[in-house]
Structures are given as C-alpha cells and as structure tokens.
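An overview of the molecular structure
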Amino acid sequence: MNTKNIENIIALSKELRWQIGDDFHDNLSESIYADASKIVEGSVKKNQQKNKFRLDAKIDKIVTSKIWGFPIMIFLLAVILWVTIIGANYPSSMIASLLLDTIHPLLKSGATSIQMPWWLSGFLIDGVYLSIAWVIAVMLPPMAIFFPLFTLLEDFGYLPRVAFNMDYLFKKSGAHGKQALTMSMGFGCNAAGVIATRIIDSPRERLIAIITNNFSLCNGRWPTQILLATIFVGAVVPSSYSSLASLSAVIGIAVLGIFFMFFFSWGLSRTILKGEVSTFNLELPPYRPPVFWKTIYTSLIDRTLIVLWRAIVFAAPAGAIIWLISNIFIGDESIAALLVHSLDGFGFLLGLNGVILLAYIVAIPANEIVIPTILMLTVMVTGISGGVGAGVMFELDSVTATGVILKAGGWTLLTAINVMLFSLLHNPCSTTIYTIYEETKSVKWTIVATVLPVIAGFVVTFLVAQAWRIFF
Amino acid sequence: MEEQSKAACETCALYNADGLKKLGVHTDGFDFVIALAGNPNTGKSTVFNALTGLRQHTGNWPGKTVTRAEGAFEYNAQKFKLIDLPGTYSLLSTSEDEEVARNFLLFGKPTVTVIVVDASRLERNLNLVLQILEITENAILCLNLIDEARRNQIEIDTRILSKDLGIPVIATSARFKEGIPELVKTISELANQKIKCKPRKIKNIPPNIEKAVQELSASIEKEYPTISNSRWLSFRLLEGDNQIIEGLKTGEFI
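Predicted model, so just to flag it, every value in this text is computed and none were measured. (Residues numbered from 1 in each chain as written. Chains lettered and ligands numbered in written order. Predicted model: local features only at pLDDT ≥ 70, side-chain atom pairs only at ≥ 80, totals over all residues. Heavy atoms only, no water.)

Remarks on the environment of S121 of chain A
Residues and elements named next belong to chain A. Note that S121 resides in helix α5 (residues 118-156). Sequence separation of S121 and I417 is 296 residues, and the distance between their C-alpha atoms is 37 Å. What S121 contacts, discounting residues up to four positions off in sequence, is K108, A111, M116 and D126. (Helix = DSSP H or I, 4+ residues; strand = E, 2+ residues; numbered from the N terminus. Contact = heavy atoms within 4.5 Å.)

Focus: the pairing of strand β5 (residues 112-118) of chain B
Residues and elements named next belong to chain B. With seven of its seven residues buried, β5 lies for the most part within the structure. Bridging between strand β2 (residues 32-38) and β5 involves five bridges; their strand directions are parallel. Among the inter-strand pairings, G38 is bridged to a residue of β5, identified as V116. Sheet topology note: the β5/strand β6 (residues 139-144) ladder contains six bridges and is parallel. (Buried < 20%, exposed > 50% of the residue type's maximum accessible area, 1.4 Å probe, protein only. Pairing = 2+ DSSP bridges.)

Observations regarding the environment of P148 of chain A
Residues and elements named next belong to chain A. Relative to the assigned elements, P148 resides in helix α5. According to the relative accessible area criterion, P148 is buried, its value standing at 4%. C-alpha of P148 to C-alpha of P428: the two residues are 280 residues apart in sequence and 24 Å apart in space. P148 has contacts with M143, I296, S299 and L300, leaving out every residue within four places of it along the chain.

Topic: the packing of aromatic side chains
Residues and elements named next belong to chain A. Within this structure, the stated rule accounts for 21 aromatic pairs over all chains. Consider the rings of F215 and F260, whose centres lie 6.2 Å apart with planes at 25 degrees: the pair is stacked. With F215 in the loop between α9 (203-212) and α10 (222-233) and F260 in helix α11 (residues 242-270), the pair connects residues that are 45 residues apart, well separated along the chain. Given the relative accessible area of 1%, F215 is considered buried. Centre to centre, the rings of F346 and F458 are 5.2 Å apart; their planes meet at 80 degrees, and the pair counts as edge-to-face. Note that F346 is positioned in helix α13 (residues 335-349) and F458 in helix α19 (residues 443-471), a separation of 112 residues in sequence. Overall, F346 belongs to the partly exposed group, its relative accessible area being 38%. F458 sits in the partly exposed class, given a relative accessible area of 28%. (Phe/Tyr/Trp six-rings, centres within 6.5 Å; stacked < 30°, edge-to-face > 60°.)

Quick notes on the nonpolar core
Soluble, globular proteins show a tendency: their nonpolar side chains are buried together. Core analysis: the biggest nonpolar cluster contains 104 residues, and M166 and W411 of chain A have the highest contact counts within it. Counting residues per element, this core draws most heavily on α11 of chain A, at 13 residues. Apart from the residues lying within four places of it in its own chain, the contact partners of W411 of chain A are L228, F232, N353, I356, I374, L406, A416 and V419 of chain A. Within the second largest apolar cluster, 91 residues are counted, among which are A101, V112, L122 and L128 of chain B. (Core = buried A, V, L, I, M, F, W, Y, C linked by side-chain atoms within 4.5 Å.)

Section: the interface of chain A and chain B
Counting residues at the interface gives 63 residues for chain A and 69 residues for chain B. Both sides together, the interface formed by chain A and chain B hides about 6200 Å², and carbon and sulfur atoms give 60% of it. The tally of links from chain A across to chain B stands at two salt bridges. Among the salt bridges present, the one from R200 of chain B reaches D35 of chain A, with a minimum N-O distance of 3.3 Å. Run the count over chain A and chain B and you get nine residue pairs in polar contact (both at pLDDT 80 or more). Considering every element that reaches the side of chain A that touches chain B, the biggest residue donor is helix α2 (residues 24-43) of chain A, with 16 residues. (Buried area = accessible area lost by both parts, 1.4 Å probe. Salt bridge = Lys/Arg side-chain N within 4 Å of Asp/Glu carboxyl O. Polar contact = N/O pair within 3.5 Å; in protein donor to acceptor, adjacent residues only side chain to side chain.)

Considering helix α7 (residues 179-188) of chain A
Among the ten residues that make up α7 of chain A, ten are buried, leaving the element largely enclosed by the rest of the structure. Q179, A180, L181, T182, M183, S184, M185, G186, F187 and G188 of chain A are the residues of α7 of chain A that are buried.

Some thoughts on the environment of N219 of chain A
Residue and element names in this part refer to chain A. As for its placement among the helices and strands, N219 is situated in the loop between α9 and α10. Between the C-alpha atoms of N219 and R469, which are 250 residues apart in sequence, the distance is 32 Å. Excluding anything up to four places from it in sequence, N219 contacts M139, M143, F146, F147, F187 and G188.

Rendered as structure tokens:
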C-alpha cells in the first residue's frame, strides 16, 4: 500500500466534492428513491384499497386523539395495575407459606440437628435464605402478571402511540420525543430503560432521558406502593371504596413520577443541558395481534426471570448485612439500633423515621427489599413481637399484620404517604447506577443521576411533612 | 452430529429445514458470518430468533434492538454465526445506530447479508436495500411479514423482484415460522457459492455525480485492485465520511 496514493485519492475526493456541490446527498437519495419506485412498479401488485390500514387509522384516530389519548393511557395503566394487584395476592401468600412457614423451620431444625453454630445458621438461614425467599414471594407473582401484560401491549404496537401522544410535552420540556419509549421501559426496570435510551441520537437529549428515567416507577417499587396504599390509604375511606382509593393512590404516584420526569427534563434542558430539540420521524407501526402464548412465555423467560434473578443476587448479601448489623453490638445497642437512632431526627423532619432511612441505605442494591427491611428494623427497635427475631427479614402473611407492626413503629398516614413519595423519589438501585455509568462513561453524570432524585425526595417529603403538621 | 431427542414439531419438515440445528448463543468455531440488516420494526429479531432458537425479546416498536445481538445455527454440519444489527432506515447519515450497521457491513465483512424488509412497505424499505447492495455482493432479500401483506391484498412477484435486484428473494413470515427453511437453505447455498449474486447498483444518478464517482472509484481500484465496493466508498468519500477516510489509510476493509 502506498500512503502517497491514498493521500492522492483523498485529495481527489475533496476536489470532486467541491465540484459536484452541496446537492450530492440529496441527489443520491433521489436516485435511490427513483430506483426503488421503478422496482416496485414491476413486481408489486396492490389489489383494491388496503382495508387493514384503514382499520389501523381508525384505531389511531381514537388512541392518539387530543381528547381520548391521555384518558386511554391512564385507563390501560389502571387495568394492568388492577389485574396485577388482584391477581398477585393469592400466589404471593401461597409462595410465602411454602418458603417461609414450611421450608424455613425445616432448615432451622436441620441446622440444629447437625449442630451448626447459632451465628452461622442465623447468618445463612435467617439472613441470606429468608431475604431470598421474601423477594421471591413478593416479587415473582406481580412480575409474572405485570410483565406479560405490558409485553402484550407492546407487541400490539401501543408504545409508539404513547410516544406520539406525549411528543408535544417532551418537546415543550426540551427533551426528545423518543424518551416516551425509554420512560415506558423504565416502568418495568430502570436499568433496561437506561439502555433503551440508545435509540436517542442526540447526546444531550439522551443524557436527559438517562437522568430522568428513575422517575418511572420501576417494578421493584410497585409492590411497595401497592402495599402501603392498601394498608394506609385504603383504610381512610369506607371499605367499599378502599380498593379504588388504593388504586388511585398508586396511579397518582406513577403520574406524579411522570410529572417530575417532565419537570426535571425541562429544568435540565434550560440549565446544564441546554440545546435545540431535535426533530425525528416516528413511525407508527401497524397494529399486530400478539401471538398470545408465545408472548407470555417469552416475557416470562426474558424479563421476569432475569429481573427476579437480579433481585435474588442482591437480596442475599443485603439479608446477610441486615442480620450482621442487627446482631453485632457496640455497648448495649446493636449497630442497626445505633444507626436508626442517629437517623431519627433527620427522618422526623422528612415525615419519615430512622428505620425507613436506614432501610433505604441497606436496600440500595434492590428496591424490592425495602419493605422487609423496614419491618425487620421496626420490630427490633420497638421490641414488639411479630417476627422471628433480631435481624430476620420476614414476610407477614396478612396485610393487616404488616399494618399492625408499622403502626406500632409509630407510622401514621403521613409516614405512609411520605414513604410512597420517597420510594418514587430516591436514588436509583445500584444496578441502574452501574448501567448509567456504563452508558455515559462519565462519573459526573452518574453522580447527577444518582443524587438529583434523592434531593427531590428530601425536598418533597420535607414540604409535605411541614404542610401536614400545620394543617392536621 | 449427535442425535438428540426432538419434539414432534421440531422434526417436521415444515418447521425446520433438514439438518438445521439451533445453537443459541454458542457462536464459537463458526464457518460463516451472516448479518441481519433491515429497517426498524420489520421483524429482524423475530427472524433472528427463528434461526437461532434464541428468545431475544421482540417488540412492536421501531428501535427495539439497540445492541448487536449474536447467535448461531448449524446447517449441514456447517456453523453459521448470525449478527442482528440495529434497524436503520438508511446508511447515509451519521447517527450512531446507523454507524453500527454500516461499519459492520463494511468492516465486519459478513459472508452473507440477509436484508429483512416489511413486505407491505417494500418501496420504502428498498431505500436501504439498494444502499446495502452497493456495499456487499452476497445478499438475500427476506420479504418478511408476508402474511400481513397478503391480508392487505398486496401481491409481490418474488421472481421479478429477484431478477431486478440480482439477489435471491425469500418470502417469510417469521412469526409463524413460514419460509424459514427456504431462507436457511438459501443462506447456505450462497455461503457455499452454489448460487451467485449480481446485485443491482443504484441507477439514475445525475451525470456529473456519476462521472465523479467513476473517477474516484477508478483511482481506488487502482490502489486496491481486489475491492468490490469502490463505488460505495466513493459515495462516502464524496460525503466526507471520516471513518472511511481513516479506513482507506489503514486498508481495514480489504
């Protein structure tokens, strides 16, 4: 190879480029289109007028209409959540009674019979095993219902319509319309949502989408919302309305998340991520009836099990840590109790308490284990009997029992509402943080994406707590 | 090849081409590299799954595949590695997903490129097809979603289309495993050079550009006599594509 010749070729290309002028790109594209239409003329025959496209257009007219677009979106979300809430109850308690009431005692007695030291059996069985069992019992049923339903909607072709509906709002907030798609992915899993931002070409808009993805309530947080809404919000209205009230509260939180997503997109695009909004063509694909069973099967294998596995991997060490900090004593108090007491003051300001804050620190790897951690720490600090003992993450069979423990821990309606808010507005889980770093390759943006939601959470819960204490 | 117990479906000729063995993610020790290219939302991932037996998630929205997925299958004792490229409308602009697809076709040198198109939207899809045919010699047009086209009463004469494009055309409905055996067979025949392609080159280019392209590709061919896509390289050089300029210096795509 001769370097000089190559240089000559490049020089020649520069000269020719100058000669043929600016229209090169357009001319080439036009030639291609002309070619394409000629080829199609010879080989494609269209009979009649395509009636299916007309049906598609009719559906689109309704689901993307100015009046019905948003109500239909909320309605579909409500249906999916409703089915998830109702449907997940029974399998959840069945799995719980199997893993926690049957297998756990067996393991314990097995450990005693082989004379395993108490600290080892405590660490392994009460720490590691129980946390895994809890995550499976609480996570598997809602995920096994939520993901397939979501996937069916996706395969049908609804997501691009969501993007279409919200495009105007995204443009207003200075973000990319395709962020609607990555936001929707975030409702399943924020890490997946962050990866999906690759479809956004402009680096500025992609960063906005990455930083604000955490405001999509992810699958690890839905169960927390549902549980707290059922116990506390459902209880303040007459019982015939209680499930409606809980459902509205959960949807309210999800919608609030979307609001914060727009708010921060708007803020970012006007401060540190200034720039033009890029235009793009969004293709509305034809509606395709999903291949039902295949979709169910793939979404179970592909999404549910993968997310569940991740939760288990993180729950095991977290369970171990909880057991350790609850069983290692400094003076008269365990490390966990010391931490809880030192966080109590700050927690009060936010309408939360030390237990909740500590739980959120312990549960950074997986949002799924927040509630069990809170229950365990509450029992330990208040000294009430309910669980199996110090440092053991447990699941209470009935929602009512969970409520009793939380109320004994000093919870009020305000605490519940602020935990729901804080669950929406706090740092992403460690997997998402890592994914953000992988995608941005920037420590700075990773920190921004991690800290921004926590600050929002502090501010919002603080304001709510102060207002609440003034008015009630 | 060792005998494996198979479900009734998997041994049926309608389901599988004879001798097709889906290898999932085991992509080592392959004989050929096959690229899957096409517009977004034409069912590339579904074709990918049908060939490899993998269950990569597919969704009905453009831009589902953002990462390059790899899988493999075995056919007549030869191993084929399959690369599912991100869907793009064109290879002429500079966005990142297009770059991934373009660079792989150019530098990854797949033995065969399967171009997946939506049969109901053939004309629009041909834009990308014609561009890919400038880059690569061995290509197959996979006329996917043919069931939808039929339902929309669109008839496509695959023989005329194949003659016009100079490459084999296979009608498939990957969701229902229709046409997959034929696709596998054609991939294998093309990879083993049992059939030859004579891909169509873009016509109707304005004379002044055509002249510039000819002059430039002649000088490229002088330096790299074995090169087959000097015309495409000329297009890119005229566009001022820095990656191609770099590639020309290093000779990476030879």
